[in-house]
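Results of the structural survey
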Amino acid sequence: MSDGEKRFEAENVACIRGERPVFSGLSFSLATGGGLILRGPNGSGKSSLLRILAGFLKPVGGNLGWNDVDPQEAPEIHRARTHYVGHMEAIKPTLTVNEHLAFWARAKGFKRPADNILQALDLDPLADVPGRFLSAGQKRRLSLTRLLATPADLWLLDEPSVTLDVQSTARLEDMLAAHRASGGMAIVATHADIALPGAEVIDMAGYRIAIDTLLGAPQKAAGGPTAAGEPDYGEW
Amino acid sequence: MVTAFFNLVGRDLRLALRGGIGSLVAMVFFVIAATLFPLGVGPESALLERIAPGVLWVCALLATMLSLGRMFQDDYDDGSLEVIALGPLPLEMVVLAKILAHWLTTGLPLIIAAPALAILLNMSTQGFAVLIISLLLGTPILSLIGSVGAALTVGLKRDGVLISLLVLPLYVPVLIFAVGAVEGAIFGLGAQANLLILAGGFLFFLVLTPWASAAALRMALE
């Protein structure tokens, strides 16, 4: 992990998916060791925000900045410092646990994964088990060990505790605490209670209404989509 | 970057080896389709000799097309593509690694099976060397062009027909020049011109298609 003070900021970020406004006016600022929890009902844009922060999706408005540099201007550097664990586990049925770790480490440009990381999520008895024999919770834990396999400043986690049992969730919290203690940042979208001491909490629902009213008025005047943002297909 | 590139190729080869018969579907199709021709058109050796280069190339082309759907689909469905896309390897190089792995698991087995099928179809021995060379130049082009179709349809279910419609028009020139080369060698007209066009086409698509496929994958990753 690179030393020195870090700052990851978003300012007035807006997102539109498939002509449907999702959120707008979202801002946050994370410092070294910072944590951010995203809450909100389904479809409120938690995953979209994480995809924007990972660089998969471009925001339709607003700015991102890492130490005042827009990640879009240096995507390779942003990719190198980011770990993203989404809904999908990225696990192949025919590869073993150890082979997954080796692949993920090399895919990040490292020669081999860090040592002794399977213990962190209690996966060491399964090191040589192929992916197809893993249970849903074990797959999730294997997916999370990707965070430990190679160092990265920014962890973006989308519902990381889904299918995890109580002990594993506690282990995940330990991982997050250690990561932040060593200067990393974590942004976690979750419905569950994941302890992230001192983390800022953003309720995505609060950023939704803004854009509906913003886009509703002119569109209504033009006779196009209605104020709710639903396209008007007319009578069939 | 080199580590990440060969990491990806190596993983795809390992997945193909462990995938059993499923990974050899293109070669199996190639062998079955080519062996059906003598049964269908009759065992007349002169006729088979005449159509052998065309039959072999059409079967190779269809076999490749059959395998395109899986080029990015599995990695997209299980989220591996997201992991790979967050690595240091630019998406263009990711695509190139996937194409190389695709060719090694589809194109190369076709080339290995081709001589036996050429004998089965009573192809003139003068054409054998050029047949192999045309396959060595032509099947990588099929993988390169196919990557664009596979990347464009990656988010769709049941994309087989759409891929075929997208890539088939671009496959036709490969077919024409490759068969032209083999027949040129058999009839003593020389194969050099056709092979050079294939070689030029290979370089052209090598430069162009990874860029197009990466752009399509970027859209799919949104």
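Residues numbered from 1 in each chain as written. Chains lettered and ligands numbered in written order. Predicted model: local features only at pLDDT ≥ 70, side-chain atom pairs only at ≥ 80, totals over all residues.

**Comments concerning the packing of helix 7 (residues 128-152) of chain B against helix 8 (residues 160-186) of chain B**
Residues and elements named next belong to chain B. Put simply, the rule reads: Helix axes are fitted only over the stretch in contact, all axes being lines through C-alpha atoms; the angle between N-to-C directions runs from 0 to 180 degrees. Runs of E in the DSSP output that reach at least two residues are strands. Runs of H or I that reach at least four are helices, and both are numbered from the N terminus. Put simply, angles under 35 degrees are roughly parallel, angles over 145 are roughly antiparallel, angles from 65 to 115 are roughly perpendicular, and the rest are oblique. We call two residues in contact whenever the C-beta atoms placed from their backbones are within 7 Å. For this scheme, ten residues count as nonpolar: Ala, Val, Leu, Ile, Met, Phe, Trp, Tyr, Cys and Pro. Four count as charged, namely Asp, Glu, Lys and Arg, and the remainder, Gly too, count as polar.
Look at helix 7 against helix 8: their axes get within 9 Å of each other, and the N-to-C directions meet at 170°. Judged by the angle between their axes, helix 7 and helix 8 are roughly antiparallel. Residue-level contacts link Val130, Leu131, Ser134, Gly138, Ile141, Leu142, Ile145, Gly146, Gly149, Ala150 and Leu152 of helix 7 to Ile163, Leu166, Val167, Leu170, Tyr171, Val174, Ala178, Ala181, Val182 and Ala185 of helix 8. Of the residues that constitute the contact of helix 7 with helix 8, the class distribution is 17 nonpolar, four polar and no charged.

**What to know about the environment of Ile84(B)**
With respect to the element layout, Ile84(B) can be found in helix 5 (residues 80-85). In sequence terms Ile84(B) and Ala4(B) are 80 residues apart; their C-alpha atoms lie 8.9 Å from each other. For Ile84(B), the residues in contact, after removing those within four places along its chain, are Ala107(A), Leu8(B), Asp75(B) and Val94(B).

**What to know about the sheet that holds strand 7 (residues 185-189) of chain A**
Residues and elements named next belong to chain A. Short version of the rule: At least two bridges found by DSSP between two strands are what make those strands a pair.
Spatially, 5-6-7-3-8 is the arrangement adopted by the five strands of the open sheet, whose pairing is parallel. The sheet is open, and its two edges are formed by strand 5 (82-85) and strand 8 (200-203), each paired on a single side. Averaged over neighbouring strand pairs, the angle between their axes works out to 15° when direction is ignored. The pairing of strand 3 (residues 35-39) with strand 8 spans four bridges and is parallel. Its bridge partner lying in strand 8, Leu38 is registered against Ile202. The strands touched by helix 4 (residues 136-149) within the sheet are strand 5 and strand 6 (154-158), with strand 5 carrying the most contacts at an inclination of about 175°.

**Re the environment of Leu108(B)**
Residue and element names in this part refer to chain B. Cut-off, in case you're wondering: With C-beta atoms placed from the backbone, the exposure class of a residue follows from how many other C-beta atoms lie within 10 Å of its own: 20 or more, buried; 12 or fewer, exposed; in between, partly exposed.
In this fold, Leu108 is placed in helix 6 (residues 91-120). Looking at Leu108, the number of C-beta atoms within 10 Å reads 15, which means it is partly exposed. Linking Leu108 and Pro140, residues 32 residues apart in sequence, is a C-alpha distance of 9.1 Å.

**A few points about helix 1 (residues 2-18) of chain B**
Applied cut-off: A helix is expected to span 1.5 Å multiplied by its residue count minus one. The directions considered for the arc are those from the helix axis to the C-beta atoms.
Here helix 1 of chain B is 17 residues long and its end C-alpha atoms lie 24 Å apart, about the 24 Å a rise of 1.5 Å per residue gives. Among all positions in helix 1 of chain B, only Ala4(B), Asn7(B), Leu8(B), Arg11(B), Asp12(B) and Ala16(B) are buried. One face of helix 1 of chain B carries all of its buried residues, which in axial projection span an arc of 165°. Facing away from the buried side of helix 1 of chain B, by more than 90 degrees, are the exposed residues Val2(B) and Leu17(B). Buried residues along helix 1 of chain B sit against helix 3 (97-107) of chain A together with helix 5 and helix 6 of chain B. Backbone geometry just after helix 1 of chain B places Gly20(B) at a positive phi near 65°.

**So, the interface of chain B and chain A**
Across the boundary between the two partners, chain B contributes 19 residues, which contact 22 residues of chain A. Among the elements of the structure, helix 1 and helix 5 of chain B are those that each provide at least two residues to the side of chain B that touches chain A. By residue class, the composition of the side of chain B that touches chain A is eight nonpolar, six polar and five charged.

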